[in-house]
Amino acid sequence: MSRKVTDKAVENRPARHSRIVIVGSGFSGLGMAIRLRQQGRNDFLVLERGHDVGGTWRDNTYPGAACDVPSHLYSYSFALNPEWTRSFSKQPEIQQYIQGVADKYGVRDRHIFGCDMTGAQWNEAASRWDIQTSQGPFTADILISAVGALCEPNLPDIKGINEFQGEIFHSARWNHDADLTGKRVAVIGTGASAIQIVPSIAKQVAKLDVYQRTAPWLLPRGDRPYTLPERLAFKHIPGAQALSRAAIYAVRETQVVGLAKFPPAMKALEAVARAKLRIEVRDPELRKKVTPNFSIGCKRMLISNEYYPALSRDNVDVVTDGIKEVRAGSVVTKDGTEREVDAIVVATGFHVTDSPMYETISGRDGRTLAEVFEHSGQQGYKGSTIHNYPNMFFLLGPNVGLGHTSMVYMIESQINYIADAVQTIDKQGLRTVEVRQDAQDEYNTELQGKLTGSVWNTGGCASWYLDKHGNNTTLWPDFTFRFRSLLETFDIAAYETTAKAS
Ligand code: N01
């Protein structure tokens, strides 16, 4: 099934074949492409719907966009960057880093930009993937999805929202032509994106209404510019950067104990967050509104030193009554109050467990990923393969997500696994590899067992970590170094294989 109706002339182009097709060129797809190149390969293509590398860091250009993980850790291990200007980098610097890595490792020539994959089907007779794109059909022996979880904006289903006559856009599709200066603005949502947007625009707008459904927990953001001596040290003292990276990694990893294994340990962090709330929000009424009603860590913990002060400004209101409808020039809450606005920023997150892409990929038995996941929830094996989808690999597949540390670490673990799989396929002359259902089931039983006691499952919140069945199909429930060692080599024993005809 195709997601979009493509031009007939484009559809009828002869299919281009590539041994390997990677879809997406964010941190994961680009890293995969670099690894394949390092293996000496040239037989791969990267199909990227945007016009540059960078993925979510290319797309999220909203004011204040920055990373919640220090850059010395939130970067590729093989491309450390001594030039980071501050501990928590802002979006333009991260995007510049990713572009620089793409140039340095010379993989742009394997990219086709502006090429949106609209569907892919496993062709059993030919043992290959048939792929439709906005630039015509492709075929591939091996398909690697690197589309990420945070790429499809989740637009809220609010009555009348399509009839709004002012500026309206999603946080990940910021309209830089819209000048918000002196305007009355509504921000819907109070997640990681919104808490960066609100302080960035609060001074500039005339009035800001922040529509909060659930109050998030906030921790201090230890962000600061690096001093010149530090930057010189990162550049010239061997091991200085690696040491900084290791220290950040170790400190962040300690959070796994409270998040995944022993939630009462989160109480210490909750005390820090409560103290911050008391100090930064002096107005008792506002403090009550923004005090979370679930255990810290259940939803992603946010870090900001600017959000609470912004909420305390005279021109900012936190609205908690719930949105009833949007009219041509206003937002109406369930208590009947109508607030006039000139612009609405929709910071309501992404389709994570219900990606529209799932409807476009059909496996060996013809069922789409959406159909398979409808019953089981999204399940995979080591986040990297899924039964019924032969010769397909996933970067950032099911249960690979994290809230506490760098996703780039998880991505590199998966790159190791998939790169080894591709080499194994070649060395052993295999036509197909497909993870066995029993191996996948066993893996998921163990994984879900570990998640049962985690704060994400027991902390009393609703979050996008959980799917509609209530299963946590997004997060990795253990130390990240365990994931790394689990994916060190491709474990072919967990796979059904067929050999190439000799
Ligand atoms: O999205 P979110 P985000 N009516 O899903 C609310 C990553 N990230 O874009 O909590 C009203 O977290 C929703 O309310 P509730 C990071 O992984 C990373 O902010 O569901 N409100 C929530 O407040 C993050 O987790 C960085 O009750 C509605 C908000 O919208 C992920 O991106 C920086 C609503 C959505 O929050 C997504 O963050 C920024 C509705 N119908 C983002 N629907 C880094 O630094 C939803 N909401 C790495």
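Named according to an unreviewed UniProt entry, the protein is NAD(P)/FAD-dependent oxidoreductase originating from Nocardia uniformis.

Asker: How would you explain the sheet that holds strand E14 (residues 330-333) if you had to name every residue and give the values?
Answerer: The strand order across the open sheet formed by 3 strands is E13-E14-E15, and the pairing between neighbours is antiparallel. Each end of this open sheet is capped by a strand with a single partner; those strands are strand E13 (323-327) and strand E15 (338-340). Adjacent strand axes in the sheet meet at a mean angle of 20° when their direction is disregarded. In this structure, E14 lies alongside E15, joined through 3 bridges in antiparallel fashion. The residue bridging serine 330 from the neighbouring strand is glutamate 340, located in E15.

Asker: Any chance you could break down helix H7 (residues 240-253) for me, citing the residues and the numbers?
Answerer: Compared with an ideal rise of 1.5 Å per residue, which puts 14 residues at 20 Å, H7 spans 20 Å between its outermost C-alpha atoms and is within 8% of the ideal. Regarding H7, the residues found buried are Ala240, Gln241, Ser244, Arg245, Ile248, Tyr249, Arg252 and Glu253. Looking at the buried residues of H7, the elements they touch are helix H6 (228-236), helix H8 (255-261), helix H13 (407-427) and helix H16 (480-486).

Asker: Tell me about the packing of aromatic side chains, residues and numbers included.
Answerer: Aromatic rings in a pair are described by how distant their centres are and how their planes are angled relative to each other. Going through the model one piece at a time under the given rule, you end up with 22 aromatic pairs. Measuring from ring centre to ring centre gives 5.1 Å for phenylalanine 479 and phenylalanine 481, while their planes differ by 5°; the resulting arrangement is stacked. Judged by relative accessible area, phenylalanine 479 falls into the buried class, the value being 15%. Accessibility expressed as a relative area gives 40% for phenylalanine 481, which makes it partly exposed. Within the aromatic cluster, the residues linked to one another by ring pairs are Phe27, Trp57, Tyr74, Tyr76, Phe78, Trp84, Tyr97 and Tyr105.

Asker: Give me the lowdown on the domain arrangement of the protein, citing residues and values where you can.
Answerer: Looking at the assigned domains, one finds that the protein contains domain 1 (8-152 + 351-399 + 429-473 + 494-499) and domain 2 (161-223 + 235-346). Facing 38 residues of domain 1, the contacting portion of domain 2 comprises 35 residues. The three residues of domain 1 that bury the most area against domain 2 are Tyr62, Asp68 and Val455, which together make up 21% of that side's buried surface. The interface formed by domain 1 and domain 2 contains 5 salt bridges. Note that arginine 221 is salt-bridged to aspartate 68, the shortest N-O span being 3.0 Å.

Asker: Describe in detail the sheet that holds strand E8 (residues 184-188), supporting the description with residues and values.
Answerer: Reading across from one edge, E7-E16-E8-E9-E12 is the order of the 5 strands in this open sheet, with parallel pairing throughout. Of all the strands in the sheet, the pair left with one neighbour each is strand E7 (167-170) and strand E12 (316-319). Neighbouring strand axes in the sheet, compared pairwise and without regard to direction, differ in orientation by 15° on average. With 5 bridges connecting them, E8 and strand E9 (residues 207-211) associate as parallel partners. In the strand pairing of E9, valine 187 is matched with valine 210. In the packing of helix H5 (residues 194-201) onto the sheet, the strands contacted are E8, E9 and strand E16 (343-346), and the crossing angle to E8 comes to about 165°.

Asker: Summarise the nonpolar core; cite the residues concerned and give the values.
Answerer: Within the largest apolar cluster, 63 residues are counted, with the highest numbers of intra-cluster contacts made by Ile22, Phe27, Met32, Ile144 and Phe393. In terms of residue count, the dominant contributor to this core is H13 (12 residues). Among the domains, domain 1 (8-152 + 351-399 + 429-473 + 494-499) and domain 2 (161-223 + 235-346) are the pair contributing at least three residues each to this core. Apart from residues no more than four positions distant in its own chain, phenylalanine 27 is found in contact with Trp57, Tyr74, Ser75, Tyr76, Ile94, Tyr97, Ile98, Val408 and Ile411.

What counts as what
- Residues numbered from 1 in each chain as written.
- Predicted model: local features only at pLDDT ≥ 70, side-chain atom pairs only at ≥ 80, totals over all residues.
- Heavy atoms only, no water.
- Pairing = 2+ DSSP bridges.
- Helix = DSSP H or I, 4+ residues; strand = E, 2+ residues; numbered from the N terminus.
- Axes fitted to C-alpha atoms, helices over the stretch in contact; angles between N-to-C directions.
- Expected span 1.5 Å × (residues − 1).
- Buried < 20%, exposed > 50% of the residue type's maximum accessible area, 1.4 Å probe, protein only.
- Contact = heavy atoms within 4.5 Å.
- Phe/Tyr/Trp six-rings, centres within 6.5 Å; stacked < 30°, edge-to-face > 60°.
- Domains from an automatic or database assignment.
- Buried area = accessible area lost by both parts, 1.4 Å probe.
- Salt bridge = Lys/Arg side-chain N within 4 Å of Asp/Glu carboxyl O.
- Core = buried A, V, L, I, M, F, W, Y, C linked by side-chain atoms within 4.5 Å.

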